[in-house]
Amino acid sequence: MNHEIHLLIAAFGILLSGAFLVFILGLAGMRNRIKGWAVLIFFLAASLIIIGVCGEVLISGDPVSGGLKMFQIQALNASLHFSIDRLSAFFMLLVLLLAFPATLFSVGYMEHEKGIGYYSPLLLFMIGMLGVLCIDDLFFMFIPWEFMSLSAYALILFKKEEPQALRAGLKYFIVTHFGTTCMFIGSIVLYYYLPANEASFLFPAISRSMELMMGTSPVMLNLSLALLFIGFATKAGIFPFGFFWLPDAHPAAPSPISALLSGAMIKVGIYGIIRLFLFLLPPGKTLVHWGWILAIFGTLSLFFGTIRAMMQHDSKILLAYHSIGQIGYITLGLGIGMIFITTYPVIALLSLIGGLYHLLNHACFKGLLFLNAGSVIHKTGERDMDGLGGMASLLPFTSVAALIAVFSIAGLPGFNGFVSKWILYEASIMGGLHYPVLALMGVTAIFISVVTLVSVLKFYACMFLGHRPAAYRELIPGEDVTIKISQLFLAALCILLGIFPVLGILPGFSIFSGLPALTGLGYRAVFGEFNPFRVVLHTQSLSGDITSIGVWNPCLALGVFLLLMCGSYFISRSAGAKVRTVGNWYCGSVADKDEVIYHASSFYVPLKRYFESLNRSLIPKKLKFRTDLSKIFDLDKWIYYPLSRSLVKTSQWFARSHVGIPQIYLLWTVMGAVITIAVLFWLA
């Protein structure tokens, strides 16, 4: 076993020790802030080890692997085997990228919360996510998968005294274990079709099973792929699976956990989809067909998720639906890449890189948005945007960080969301030259990007702009330093990935350019000459020629923007006009500030009316049965009552034999003996 695997196991041991120690500290009555700092120390110690191992793999491209012989099942040829390649390393670093600000934010956010069931499940949650990403045995992968699922369940139920949290936890538990059951059945099917001498749950063996089934049992192969896809898509929050649990889990969970659920855990589901279809399933028609399925699910997800987000007034429910929408962009990119991977590799690689780049961007700006909402909740205790406003003066640092996150998720130029969405638009439109329906999907994605902008502008305006409601006017401005630093960390990443897009492109290129179908494509074929300050996109025409289709230089655009800003400021100040602050004019009417606040429910009313039919819940709150149906399914009426009446009548008839005369009883005995002897002779 490689020494890197020993280091990885040591890192898991540090996290597990931290979970145990913090639990003991909780039982001893230690203050939450001290426990938070202790958890952060354990996390940083483990993170340094994992960053060293994963960083080396990501840079060198040489995977590391090894197993523990003490954990194996000989009958199934399954063992606890670790393997880290570039894909695993990228996603493990992504989990750490979100776990650090979420843990730091928890120090201040959870300081005055009661209960001991937070920090220990938090570390177990991290262990589960990281374990799924570095185990390459499909059977033993379910152990960290359940670690991840059950610890997330415990964190969602942190405020278990609230009925909303109990409902959300129950929904999450049922839905996630339905997905896990599908995954387990799909894994068993793939294992079953392996020859006896090759039977194993290791990823290479599973890939071999898929290769054999493509020729012998394509129906069963697609069934197993469908079951595994349902499991991973449920965890990833893809429409419609995400609608069943995400909008309920996010409001119930503490805000740092919401940031981890959306920024990290649902990415583990995307990791499973990438691993399944691009690294295990051999290239061929099956891969192309599933590419279309992913593209369709991605388009539906980005459309329905974002439209539903626009209609929400609860800040965390709004962000939860946006998670479903943004996952749709990622899934669309993966689907287009799978469609063209064997025919037009430049379009395929461009789309796959765009999807992975947007995955990284989404982790940053969505994690930041949940921390922004958490900062407001920590200060006011309010999630309903109809009851908020004017928080910019109360939380100035959070308001600036939230503005950066809003611009990033909307895809404004200069922020990280712009470049990844631009790449996905170009890939879908260029793919539309071959299949026009892909161009329609690209246009849908562009339209939804506008809807995203209007939705998050409502999020920002209703919470940070306008008048502060009377209930919060006496609050003292200020934020905990841990809350500030955690938001600053993610805000800086949003800007950095926007100004230097090569930081988001290179990981995707290093991961996907190693696929057998894309081997031989260099960076220059897709993005031109390497330039850290500029991106040039290329595509393949119908004849197969590679041509340039667009250039983006964020540093130049930023310089022009700053120049225009300075010019406008100089012009505004050149006249020497005095700046004065006055109250709003209400057409001569006298009105209190609370009466004229523009609430979240007032935004985009005509647009919301147009899409009102899409805002219906997929799960009815109360099941209503028609009278005739209830009669059909009334088992008492059709089975129990007739059976019991027959039994009573039989007993009454038999009771007539009790006449009180001994000779009659003797006669019954003789008759019974004669009948018994006759039956025995007949059987003989």
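Just above, that's the structure.
Here is a short report on the structure shown in this document. (Residues numbered from 1 in each chain as written. Predicted model: local features only at pLDDT ≥ 70, side-chain atom pairs only at ≥ 80, totals over all residues. Heavy atoms only, no water.)

Another aspect to go through is a nonpolar patch on the surface. Taken together, the side chains of Ile675, Val679, Leu680, Trp682 and Leu683 make up a nonpolar region of the molecular surface, amounting to roughly 600 Å² of accessible area. Along the polypeptide, Leu683 turns up in helix α25 (residues 662–683). A relative accessible area of 60% places Leu683 in the exposed class. (Patch = residues over 30% accessible without salt bridge, like charges linked within 9 Å, V, L, I, M, F, W, Y side chains within 5 Å. Areas by Shrake-Rupley, 256 points an atom, 1.4 Å probe, with all protein chains shown as cover. Salt bridge = Lys/Arg side-chain N within 4 Å of Asp/Glu carboxyl O. Helix = DSSP H or I, 4+ residues; strand = E, 2+ residues; numbered from the N terminus. Buried < 20%, exposed > 50% of the residue type's maximum accessible area, 1.4 Å probe, protein only.)

It is worth spelling out the pattern of salt bridges at this point. Under the defined criterion, the tally for this structure stands at seven salt bridges. When the shortest N-O distance is used, the salt bridge between Arg33 and Asp480 registers 3.2 Å. Pair noted here: Arg33 is in helix α2 (residues 32–60) and Asp480 is in the loop between α17 (436–464) and α18 (481–499), with a separation of 447 residues, a long-range link. In this structure, the salt-bridge partner of Arg208 is Glu211, at a minimum N-O distance of 3.8 Å. One end of the pair, Arg208, and the other, Glu211, are both in helix α7 (residues 203–216), three residues apart, so they sit about a helical turn from each other. Arg208 gets classed as partly exposed once you look at its relative accessible area, which sits at 31%. Beyond isolated ion pairs, a larger network of salt bridges with shared partners links Arg33, Glu111 and Asp480.

Turning next to the side chain of Lys267. Tracing the chain through its elements places Lys267 in helix α10 (residues 255–280). Nearest to the buried, unbridged Lys267 among oppositely charged side chains is Asp85, at 18 Å. At a separation of 3.4 Å, a polar atom in the side chain of Lys267 contacts the main-chain carbonyl oxygen of Gly263. The residues touching Lys267, leaving out its near neighbours within four places in the chain, are Phe91, Leu94, Ser262, Ile327, Leu359, His362 and Ala363. (Lys, Arg positive; Asp, Glu negative; His and termini not counted. Polar contact = N/O pair within 3.5 Å; in protein donor to acceptor, adjacent residues only side chain to side chain. Contact = heavy atoms within 4.5 Å.)

Between helix α3 (residues 86–109) and helix α13 (residues 345–380), the least distance of the axes is 11 Å, while the angle of their chain directions is 10 degrees. With respect to each other, α3 and α13 are oriented roughly parallel. Each of Phe90, Phe91, Leu94, Leu97, Leu98, Pro101, Phe105, Gly108 and Tyr109 in α3 lies in contact with α13, whose residues at this interface are Leu356, Leu359, Leu360, Ala363, Cys364, Gly367, Leu371, Gly374, Ser375, Ile377 and His378. (Axes fitted to C-alpha atoms, helices over the stretch in contact; angles between N-to-C directions. Parallel < 35°, antiparallel > 145°, perpendicular 65-115°, else oblique.)

To continue, consider unusual backbone geometry. Most peptide bonds are trans, and most residues other than glycine sit at a negative phi. Along the chain, Phe239 connects to Pro240 via a cis peptide bond; the corresponding omega equals 0 degrees. Relative to the elements of secondary structure, Pro240 occurs in the loop between α8 (218–236) and α9 (246–252).

We now examine the environment of Ala264. Turning to its location among the elements, Ala264 is positioned in helix α10. Excluding anything up to four places from it in sequence, Ala264 contacts Val95, Leu98, Met129 and Ala259.

It is worth spelling out the packing of aromatic side chains at this point. Following the criterion strictly, the structure yields 36 aromatic pairs and no others. Here Phe229 and Phe241 contribute two aromatic rings whose centre-to-centre distance is 6.4 Å and whose plane-to-plane angle is 80 degrees, an arrangement assigned as edge-to-face. In this pair, Phe229 sits in helix α8 while Phe241 sits in the loop between α8 and α9, placing the two residues 12 residues apart along the sequence. Take Phe229 and Phe241: they sit in the same class, and that class is buried. Here a set of aromatic residues connected by ring pairs shows up, and it is made of Phe139, Phe140, Phe142, Phe184, Tyr191 and Phe201. Just above the ring of Phe279 sits the side chain of Arg275; from NZ or CZ to the centre is 5.3 Å. Over the ring of Tyr329 we find Lys421, and its NZ or CZ is 4.9 Å from the ring centre. (Phe/Tyr/Trp six-rings, centres within 6.5 Å; stacked < 30°, edge-to-face > 60°. Lys NZ or Arg CZ within 6 Å of the ring centre and 35° of its normal.)

Taken as a whole, this structure holds zero disulfides when the rule is applied. No disulfide involves Cys364; its nearest neighbouring cysteine sulfur is the one of Cys494, lying 5.4 Å away. Residue Cys566 stays outside any disulfide, its sulfur separated by 16 Å from that of Cys555, the closest cysteine. (Disulfide = S-S within 2.5 Å.)

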